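Observations on chain architecture
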Amino acid sequence: MQPILQRLKVAPGVALSAAVRARVNGTDFQTELLASGFVTEEAFFKALAEETGLTFVSRIDPDRLMLREADCLTLLQSSNDHKPVRVEGDDGIFHVIAPEHLSIAAFQALITRCPGLHARLRLTTPGALRKALLARAEPLLVRAAARSLFEKFPQYSAHIVASAWQGMVWGVVMAALTAAMMFMPDAAYGVVHLIFSLLFLACIALRFAALPSAQPPTPAAMRPAAANEMPVYSVLIALYDEAEMVPGLIDSLQRLSWPRSKLEIKLVCEADDRATLAAIRARPLPPHVEVIETPPYGLRTKPKALAYALPTTRGELVALFDAEDHPHPSQLIQAWQRFRDSDESLACVQAPLEIANRSGSLISRMFFFEYAALFRGLLPWLARKGLVLPLGGTSNHFRREALEKVGGWDPHNVTEDADLGLRLARFGYRSETISCPTMEDAPEDFGTWLPQRTRWFKGWIQTWLVHMRSPVPAGWRGWLRFIRNSPDTVRRTDHFSHDPPFDGGHRARHTFRHQGRQATRSVAIGPVAARHLQCRMRLPLVPASRLANAAAFGAKGVLEGGPVHPGLLADDLPRRLALGMAVVAAAPPLGKDRPPQGSAGQSASRQDIFLRNFGPSPTSFSSRLPTASRSRLS
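**Considering a nonpolar patch on the surface**
A surface patch of nonpolar side chains, amounting to about 810 Å² of accessible area, comprises Trp165, Met168, Val169, Trp170, Val172, Val173, Met174 and Trp464. For the nonpolar patch, the element with the most residues is helix H10 (residues 164–183), which contributes seven residues. The topology assignment puts Val169 in helix H10.

Listed below in structure tokens is the structure:
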């Protein structure tokens, strides 16, 4: 690393600081140096290319990537550590890498032992590679954002707001009410008045029940946090026509207490929102902040933008903020500690919202009272009682695994927070509250307040209709368990998957969840049984290739699709890089499996897989590999 630092003219103090942070955070020197902002990605990788004699590529044409869309998502969700990507160039096919965790000495030794790599391997920056992968995966991301929940759990999607029987019931009710108003107006008005009065009194009674436990804002109680134990945290902010909010938002996000090398912030904007994009580009962004532009077609809702951006993140935990938010600097730490100290049934924590402009007008003052009662009284009381927690629209912190299991955000629901809170409860997950607040500005005039409140009521009606399609899950006892947010809410669910491993065999994974516990068992099956299992089961099929990709690419969650080679599991850099060249073949389409290659009953060897995936002239290349790597390929 010293020759590169000399080329970059990095001051000794900066290098020492990066080395100390790498030791404290449990990362590496390169990651901390780039996260510090003293050295740009382009400058660092240009110096690396000059030091190793490789060609540096500053831009990659997305149309020339020889990858499927699902493979691009797999790479976006993992760190770009020694994973070559095949690119079609003017002078032939070459491979580009953007290694994020690199041993310079081992890399140079590999280049020395394999001189042919100079012609077939090129360096680029992680940012340039991510930009090309995002552009290539755009059609898949759009489809997934718009239809993923509807295809996975159609009963919980607002794509169809009311079912046939709901429409029939409402038609009968409205017809009967109209007839009653005409022929028995006094009785009809009395019944309607009684129903609405009971509903209103029920809401008042709920708040009076929570009143004794309401607490004023208190300083957050947190224990010292070890930075090397902190996971990668992803922060999503959906922006639309909010250019004036951008400077204050970026300043607030910069005050968050979290290692910059383990923090990724995604500013999600519509591609045609030129004013907001111009405001973002008007000031230099830190290395951990990325702008995600959603294509300007289809739905234009906040949950659709969030669903589009989620597959591009790598964090184990996901936080959601709005453009006008100013979160407490320690909010991420407190949320992480709550997740760490709880079991996997805790899927979400809600931070309280406080109004910063409470003295602006009567409307903002009423907002202040409403939010104080909701976030300091009602929601903590519901969480302590184990009841369903209606989430706020911002300052939500999710366990990523749970968020993906329930289908993420519904792009068709304009109050995605309320819908997601109910859906988490239906799947047996819990939601709790923390004390570190988020300051935000409330509407100060009636013209701003009315559309916002109208949208809320519309979304609540959508959510009510969607979840009333099956209002009594598993009988009346199931309904009580749902209200109590018990893990028994979800009846036993089975997930089967199979995938042919590299030895040609088949194994089926049977994952089941019952009474809040999850277990997995794996059994050996034949190819006929595997095909039968995939074709005949009416249960959700989970491609086992996701599990393999998660292990090979070092991702924390289970990833969708993508190629994999077992050699990537090794620790030594030369073998990982050499065998990584094989990770260029097309994988099975997203959500599907592929039968083993070769004739029936015959296993495909690792050497065959390498030769088939690498492309032309694999023998000449493999002959230049280190002896240990060649022996492991066969």
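**What to know about the packing of helix H5 (residues 69–76) against helix H9 (residues 138–152)**
For the pair H5 and H9, interaxial distance at closest approach is 8 Å and the crossing angle is 85 degrees. One finds that H5 runs roughly perpendicular with respect to H9. From H5, Glu69, Ala70 and Leu73 reach across to H9, where they touch Pro139, Leu140, Leu141 and Arg143. Here the contact of H5 with H9 is built from residues that sort into five nonpolar, no polar and two charged.

**A few points about the pairing of strand S12 (residues 396–399)**
A two-sided burial pattern is seen for S12, the buried positions comprising Asn396 and Phe398 on one face and His397 and Arg399 on the other. Sheet topology places strand S10 (residues 346–350) next to S12; three bridges connect them, and they run antiparallel. Bridged to Cys348 within S12 is Phe398.

**Brief notes about the nonpolar core**
It is characteristic of soluble globular proteins that their nonpolar side chains tend to be buried jointly. Ile60, Leu133, Phe398, Trp409 and Leu424 are the most contacted members of the largest nonpolar core, which has 64 residues in total. Take this core: its biggest share by element is seven residues, from helix H16 (residues 362–384). With sequence-adjacent residues up to four places away left out, Leu133 is seen in contact with Leu65, Leu67, Cys72, Leu75 and Leu76.

**Quick look at the sheet that holds strand S9 (residues 326–327)**
As summarised here, the arrangement of the three strands in space is S9-S14-S11, forming an open sheet in which the pairing is mixed. Bordering the open sheet on either side are S9 and strand S11 (353–355), each of which pairs with just one other strand. Pairing of S11 with strand S14 (residues 438–440) involves three bridges; the strand directions are parallel. The partner of Leu353 across the bridge, within S14, is Thr438.

**Here we look at helix H18 (residues 416–426)**
Burial runs high along H18: ten of the eleven residues are buried. Taken as a whole, H18 has its buried residues at Glu416, Asp417, Ala418, Asp419, Leu420, Gly421, Arg423, Leu424, Ala425 and Arg426. One or two residues past the end of H18 sits Gly428, with phi positive at roughly 85 degrees.

**Quick look at the environment of Ser435**
Inspection of the secondary structure puts Ser435 in the loop between strand S13 (430–433) and S14. Along the chain, Ser435 and Gln334 lie 101 residues apart, while their C-alpha atoms are 8.3 Å from each other. There is a polar contact of 2.9 Å between the side chain of Ser435 and the side chain of Gln334.

**A few points about the sheet that holds strand S7 (residues 289–294)**
Reading across the sheet, the seven strands line up as S7-S6-S5-S8-S12-S10-S13 and stay open at both edges, with mixed pairing between neighbours. Two strands lie at the open edges of the sheet, namely S7 and S13, each paired on one side alone. With strand direction ignored, the average angle separating the axes of adjacent strands in the sheet is 20 degrees. Bridge analysis of strand S5 (residues 233–239) against strand S6 (residues 263–270) gives seven bridges, and the strand direction is parallel.

**Details of the pattern of salt bridges**
Going through the model one piece at a time under the given rule, you end up with 28 salt bridges. Glu290 is the salt-bridge partner of Arg130, the closest N and O atoms lying 3.0 Å from each other. Here Arg130 is found in helix H8 (residues 126–136), whereas its partner Glu290 is found in strand S7, with 160 residues between them in sequence. Using a relative accessible area of 12% as the deciding quantity, one classes Arg130 as buried. Of the residues examined, Glu290 reaches a relative accessible area of 18% and is grouped as buried. One salt bridge in this structure joins Lys266 and Glu290, with 2.4 Å as the shortest N-O distance. Taken together, the residues Lys266 in strand S6 and Glu290 in strand S7 connect sequence positions 24 residues apart. Neither Lys266 nor Glu290 differs from the other in exposure class; each is buried. It is possible to trace a salt-bridge network through shared partners that takes in Arg130, Glu264, Lys266, Glu290 and Arg314.

Calculation rules
- Residues numbered from 1 in each chain as written.
- Predicted model: local features only at pLDDT ≥ 70, side-chain atom pairs only at ≥ 80, totals over all residues.
- Heavy atoms only, no water.
- Patch = residues over 30% accessible without salt bridge, like charges linked within 9 Å, V, L, I, M, F, W, Y side chains within 5 Å.
- Areas by Shrake-Rupley, 256 points an atom, 1.4 Å probe, with all protein chains shown as cover.
- Salt bridge = Lys/Arg side-chain N within 4 Å of Asp/Glu carboxyl O.
- Helix = DSSP H or I, 4+ residues; strand = E, 2+ residues; numbered from the N terminus.
- Axes fitted to C-alpha atoms, helices over the stretch in contact; angles between N-to-C directions.
- Parallel < 35°, antiparallel > 145°, perpendicular 65-115°, else oblique.
- Contact = heavy atoms within 4.5 Å.
- Nonpolar A, V, L, I, M, F, W, Y, C, P; charged D, E, K, R; others polar.
- Buried < 20%, exposed > 50% of the residue type's maximum accessible area, 1.4 Å probe, protein only.
- Pairing = 2+ DSSP bridges.
- Core = buried A, V, L, I, M, F, W, Y, C linked by side-chain atoms within 4.5 Å.
- Polar contact = N/O pair within 3.5 Å; in protein donor to acceptor, adjacent residues only side chain to side chain.

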